[in-house]
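Survey of secondary and tertiary structure
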Amino acid sequence: MRSLLYKTGKFYTRMIISNIGIFIFVGLLSVLFGSYGWFPDKNMYAISQLAYRFILPVLISYEGGRQIGGQNAGVLAVLAVSGILAADLENGLWGAMVMGPAAGFLWKHVYGRVSGAVKAGLQMLFRNLSLAVMGACLGAAGFFCLAPLLEIFGTGLGACVEFLVQHGLTGVISIITEPAKVFFLNNLMNHGIFIPIGMEQAADTGRSLFFLLEANPGPGMGLLLAFICCNKERRSEYGAALFTQAAGGLHEVYFPYVLSDLRLLLPLTAGGLAGNIVFRLTGAGLFGAVSPGSVVTIFLMAGKGEILPVSAGILASAAVAFAGSILVLKGRRMLPVDERKQGVDCEMEKAVKESFENIKRIAVVCDGGVGTSAMGAALLRRRLAQEKIDGIKTEAWAADLVPEDADLIVCQKDFGEHIPEKLKSRNIFMADSLLNAEAYGELARKLQEGIR
């Protein structure tokens, strides 16, 4: 079940994250030019609404189709979502998340099988006719069948959101959100659930609390502050992680620390609950989606009059998570640095396939290929340059998009179970954290030995 959720979340994450700049564009224009913005301007605000209601559903649908069946499937997905947009603009985003994958699946499994029987000279004609006919069928299905269902879904979803907000129950969501984040379901929660709900709510009220539920960096900041206070020997490591969490918005930096002691889920969840309650009581909300959940981008999307309520929620969640984490950390026996490092190295040795000869291309992987893996790849390139190791190309990739010619896979240890089966036969190096520069020292040493 968890594996299915992870794969589904990863698929929808890629659909959303490839267009996250448009979400931020819509939010930014709303912050600046909306009715409650810094410089209200109905014409500029209309641009943001055009992007949200038309452009965003079209591009998300295209990406969903393209991921499954290639470029032609993406074009079919655009034709398919046009039926939804013609029937109901309010549910265009949800329609895109359904029609995009459906069109991709249909193109791959129907056209892919039939096209093989068509003569070579007629392939182009058959492809274009197929796009037209299948697009018309899907568009009609979207208009007459799916749009009414989405209207019912949207009405029900709106009623649920209104119930949660009116009864102050949004804070309870953290009981699910914070543990899910640690088990690498953070992208599913944010991109697959909270952002679409938030966009619908923001279109009606101007802003939404749902943009803060997963993006809130407070719980992670509080936890990392507790580690800094309880372990002086590794303060620089925890300090770097804290800066990355707060300024960069990458939650993944604290996941390994929590997974090493699952009792830390309790203060994390309590911190998220406290923050959500404060957000609710102060009426906090953001004008647009933030990804990643950096303090900088959160304040940018908070807009005029929202910075204090948003700050209060972040600080409350950080304070509660800090206090709870202190209690957990003080209650356990902390291993000396040398002993702990030795244990980590032993675990790494078990996870690494010992073959570091003729390494020409390294893939640093994570869920989406644009967060921790991008920063990890930059750190690894810097380490290889320091060690004067040349001729190795180091790139960041999503786990399921790693190219065939990658000689070595580098990933976070706790992410190892999510590595696709096709990659497990390759050389894999697992580090405690992709954002800890010291973790690449052992890898650099092994690469040097392989060169010799």
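Our subject is the structure listed above.
Now for a look at the structure at hand. (Residues numbered from 1 in each chain as written. Predicted model: local features only at pLDDT ≥ 70, side-chain atom pairs only at ≥ 80, totals over all residues. Heavy atoms only, no water.)

Further remarks concern the nonpolar core. In this structure, Phe23, Leu56, Ile60, Met199, Leu212, Leu286 and Val310 are the most contacted members of the largest nonpolar core, which totals 58 residues. By residue number, the principal contributor to this core is helix α5 (residues 92-114), which donates 8 residues. (Core = buried A, V, L, I, M, F, W, Y, C linked by side-chain atoms within 4.5 Å. Buried < 20%, exposed > 50% of the residue type's maximum accessible area, 1.4 Å probe, protein only. Helix = DSSP H or I, 4+ residues; strand = E, 2+ residues; numbered from the N terminus.)

Bringing helix α4 (residues 71-87) into the picture now. With 17 residues, α4 extends 25 Å between its outermost C-alpha atoms, agreeing within 8% with the 24 Å of an ideal straight helix rising 1.5 Å per residue. If you check which residues of α4 are buried, you get Ala73, Gly74, Leu76, Ala77, Ala80, Val81, Gly83, Ile84 and Leu85. (Expected span 1.5 Å × (residues − 1).)

Turning to the pairing of strand β4 (residues 427-431), a few remarks are in order. Most of β4 is tucked away: 5 of the 5 residues are buried. Going residue by residue along β4, you find Asn427, Phe429 and Ala431 tucked away on one face and Ile428 and Met430 tucked away on the opposite face as well. Alignment of strand β3 (residues 408-412) against β4, held across 5 bridges, turns out to be parallel. Paired with Val410 across the two strands is Phe429, which belongs to β4. (Pairing = 2+ DSSP bridges.)

One can describe the packing of helix α9 (residues 218-230) onto helix α12 (residues 265-282) by two numbers: an axis separation of 8 Å at closest approach and a directional angle of 135 degrees. Classified by the interaxial angle, the pair formed by α9 and α12 is oblique. Between α9 and α12 the crossing geometry is right-handed. Taking contact as the criterion, the partners of Pro219, Gly220 and Leu223 in α9 are, on α12, Leu268, Gly271 and Gly272. Grouping the amino acids of the contact of α9 with α12 by side-chain chemistry returns 3 nonpolar, 3 polar and no charged. (Axes fitted to C-alpha atoms, helices over the stretch in contact; angles between N-to-C directions. Parallel < 35°, antiparallel > 145°, perpendicular 65-115°, else oblique. Left-handed = near helix turned anticlockwise from the far one by under 90°. Contact = heavy atoms within 4.5 Å. Nonpolar A, V, L, I, M, F, W, Y, C, P; charged D, E, K, R; others polar.)

This brings us to the pattern of salt bridges. Summed over all chains, the structure comprises 9 salt bridges. The salt bridge involving Glu306 is made with Arg207; its shortest N-O contact spans 3.3 Å. One end of the pair, Glu306, is in the loop between α13 (295-302) and α14 (307-330); the other, Arg207, is in the loop between α7 (174-205) and α8 (210-213), and 99 residues separate them in sequence. With a relative accessible area of 8%, Glu306 lands in the buried category. Among the residues examined, Arg207 registers a relative accessible area of 28% and is labelled partly exposed. One network of salt bridges, with partners in common, ties together Arg361, Lys393, Glu395 and Asp405. (Salt bridge = Lys/Arg side-chain N within 4 Å of Asp/Glu carboxyl O.)

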